[in-house]
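# Structure at a glance
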Amino acid sequence: MHLLNTHSSITILGAGLMGRLLAVELARKGHRIEVFEAQGPSAEGAAARVAAAMLAPLAESAVTEPGVVRMGQYALPRWQELIAQLSQPVYFQQNGTLILWHRLDAGEANRFQHKLEQTQKTIPDIAPLQVLNGSQVDTLEPSVASRFAHGLYLPGEGQLDNRQLLSALEKAMQELGVVVHWNCPRQPEDFTPGTAGQPDVLLDCRGLGAKPTWNALRGVRGEVVRLHAPEVTLARPTRLVHPRYPIYIAPKEDHIFVIGATEIESDDMSPASVRSALELLSAAYAVHSGFAEARILEICTQCRPTLPDNLPAVRALSERVLEVNGLYRHGFMIAPAMLDVVMQVLESGQSSLAPRFDLSVQLV
């Protein structure tokens, strides 16, 4: 991989989460950055806009590999550093994750708990889960008092506000002099990095937009409901064990709640199904009756860019073209780890972090 000079010229394709993070980090280091984004500054086409932005490595270990869990562990303190550098406030919380279930789903909850305990054996430095009885659940989360006889608490896990972060990163790009071309899609073949009048390096962070050059990518559809529920107070992200998938409720500022979970193997971007909407809203009401009077702000659909093994990867198309993709459902949880790996590759031609994360880095 081509090493960066003191003031390199770098073009980034895609202004979703990774594109914005890389643009800001590289601009802070004095490089000249130009970004091409197919849509507008609100990240309408990005998976990052339709997300709960939970930073939950142990909870996610039920559906992913240890390397991704380690990336999530690494990212929690790193997010605090990255957010602290931004001039625009971003909601960040690290109050842990609460796992709840109804009596009929106790068997599924036991299987879920067993998976998390296996993770603790594999990654001993992760904060251990705490098994709660009904009164302990009520003490930890008084707003769900007397509704659940058992629960699990995963200390140290967190969340942030995805849309506030995307907006703050956009402002940071402006402040740092990043040149952004909104509503201006581009392909890697539109550039010849290293030649006269061209960037020194090209970074492709287009998510599913990169499918023409990385045809192993596929979309995994997710549906999310955003609610305003003034009668509901939850102190932390809460997951409800469900026969098909754990449903999460992520509380944001001002009684805004993001509810989701659906995983559908499809790149269909049509509106959410009735079944999904009913499951998500019913689950929210089952956790807290105050959701009955909540107002539905949005029911959003988006497809996450996913590689065949459901793991992220960094790949060089040539000495001067690097692709970053496949963050799947873990984008916010692992983005700082991906950022630092890519920065190491750009600056030294290799990454000491990648083996720690079992991350596929394919260089020329």
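Reading guide: rules and limits
Here the residue numbering is sequential within each chain, running from 1 through the sequence in written order. Only residues with pLDDT of 70 or above have their local features reported here, since the model is predicted, and side-chain atom pairs are shown and tallied only from 80 upward, although totals for entire chains, interfaces and linings are computed over all residues. Heavy atoms throughout the structure, all of them, feed into the side-chain values; hydrogens and water do not. Put simply, DSSP H or I for four residues or longer makes a helix, DSSP E for two residues or longer makes a strand, and each gets a number counted from the N terminus. Radius of gyration here is computed from C-alpha atoms only, and the compact-globule reference equals 2.2 Å multiplied by the residue count raised to the power 0.38. Residue burial is assigned from relative accessible area. The probe radius is 1.4 Å, only protein chains are included, and a residue is buried under 20% of its type maximum, exposed over 50%, and partly exposed in between. The contact criterion used is simple: two residues touch if any of their non-hydrogen atoms lie within 4.5 Å. Each accessible area value is a Shrake-Rupley result obtained with a 1.4 Å probe; residue values ignore everything except the protein chains displayed when judging cover. In this charge count, Lys and Arg are treated as positive and Asp and Glu as negative; neither His nor the chain ends contribute. All charge positions are set by atom: Lys at NZ, Arg at CZ, Asp at CG, Glu at CD. For two strands to be treated as a pair, DSSP must find at least two bridges joining them. Orientation is described by lines fitted to C-alpha atoms, with helices fitted over the stretch in contact, and by angles between N-to-C directions that extend from 0 to 180 degrees. Should an angle fall under 35 degrees it is called roughly parallel, over 145 degrees roughly antiparallel, and 65 to 115 degrees roughly perpendicular, with every other angle called oblique. The classification used treats Ala, Val, Leu, Ile, Met, Phe, Trp, Tyr, Cys and Pro as nonpolar, Asp, Glu, Lys and Arg as charged, and all other residues, Gly among them, as polar. Joining through side-chain atoms within 4.5 Å is the link that ties buried Ala, Val, Leu, Ile, Met, Phe, Trp, Tyr and Cys residues into a set, and such a set is a nonpolar core. Salt bridge, as used here, is a side-chain nitrogen of Lys or Arg placed within 4 Å of a carboxyl oxygen of Asp or Glu.

### Some thoughts on the overall build of the protein
Broken down by element type, the protein carries 9 helices and 18 strands. In terms of overall dimensions, the protein is globule-like: its C-alpha atoms have a radius of gyration of 21 Å, near the 21 Å expected for 364 residues. Structurally, the protein occupies a C-alpha span of about 70 × 40 × 35 Å along its principal axes. Per-residue burial for the protein yields a buried fraction of 56% across its 364 residues. Look at the contacts in the protein between residues 6 or more apart in sequence, and 75% of them connect residues 24 or more apart. Taken as a whole, the protein presents about 14700 Å² of accessible surface, with 50% of it coming from carbon and sulfur. Across the protein, the 31 positively charged side chains and the 38 negatively charged ones have centroids separated by 2 Å.

### Things to note about the sheet that holds strand 4 (residues 92-93)
If you walk across this open sheet you meet the 3 strands as 3-8-4, and the pairing is antiparallel. Of all strands in the sheet, those with a lone pairing partner are strand 3 (54-55) and strand 4, marking the two edges. Summarising the sheet, strand 4 and strand 8 (residues 158-160) pair through 2 bridges and their orientation is antiparallel. Among the inter-strand pairings, Q93 is bridged to a residue of strand 8, identified as Q159.

### Here's the deal with the packing of helix 3 (residues 66-84) against helix 8 (residues 331-348)
Two quantities define a packed helix pair, namely the angle between the axes and the distance from one axis to the other. Their axes nearest at 7 Å, the elements helix 3 and helix 8 cross at an angle of 80°. By the angle between their directions, the pair helix 3 and helix 8 is classed as roughly perpendicular. Within the contact between the two elements, helix 3 uses V68, M71, G72, Y74, A75, R78, W79 and L82 and helix 8 uses F332, M333, I334, A335, P336, A337, M338, L339 and D340. Looking at side-chain class alone, the contact of helix 3 with helix 8 contains 14 nonpolar, 1 polar and 2 charged residues.

### Side note on the nonpolar core
The biggest cluster of nonpolar side chains holds 62 residues, and the ones touching the most others in it are I12, L22, L26, W79, L165, L203 and F332. The biggest single contributor to this core is helix 8, with 12 residues. Once you skip the residues sitting within four places of it in the chain, L165 turns out to touch L17, W79, I83, L86, V90, L160 and F332. With 25 residues, the next largest nonpolar core counts L98, I249, L280 and A284 among its residues.

### A few points about unusual backbone geometry
Phi is positive for D254, close to 60°, though the residue is something other than glycine. Counting through the fold element by element, D254 comes out in the loop between strand 13 (247-251) and strand 14 (256-260). Judged by its relative accessible area of 64%, D254 falls in the exposed class. We note that H255 has phi near 60°; this positive angle belongs to a residue other than glycine. Position of H255 among the secondary structure elements: in the loop between strand 13 and strand 14.

### Focus on the sheet that holds strand 17 (residues 321-325)
As summarised here, the arrangement of the 7 strands in space is 9-2-1-10-17-16-18, forming an open sheet in which the pairing is mixed. The open sheet has two edge strands with one neighbour each: strand 9 (179-181) and strand 18 (360-362). Across the sheet, the axes of successive neighbouring strands diverge by a mean angle of 15°, strand direction being ignored. Relative to strand 18, strand 16 (residues 313-318) runs parallel, the two being bridged by 3 bridges. Across the sheet, the residue bridging to A313 is S360, located in strand 18. Sheet strands in contact with helix 8 are strand 10 (201-204), strand 16, strand 17 and strand 18, and its direction is about 170° off that of strand 17.

### Considerations on the side chain of D105
Structurally, the position occupied by D105 is in the loop between strand 5 (97-100) and helix 4 (106-122). No salt bridge is formed by the buried D105. Its closest oppositely charged neighbour is R111, at 7.8 Å. Beyond its immediate sequence surroundings of up to four residues, D105 is in contact with V241 and P243.

### Side note on the pattern of salt bridges
Tallied over the full model, the rule gives 17 salt bridges. One salt bridge in this structure joins R218 and E265, with 2.8 Å as the shortest N-O distance. Here R218, found in strand 11 (residues 218-228), pairs with E265, found in the loop between strand 14 and helix 7 (274-287); they are 47 residues apart in sequence, far enough to count as distant. Using a relative accessible area of 24% as the deciding quantity, one classes R218 as partly exposed. One continuous salt-bridge network, built from bridges that share partners, spans E25, R78, E81 and D340.

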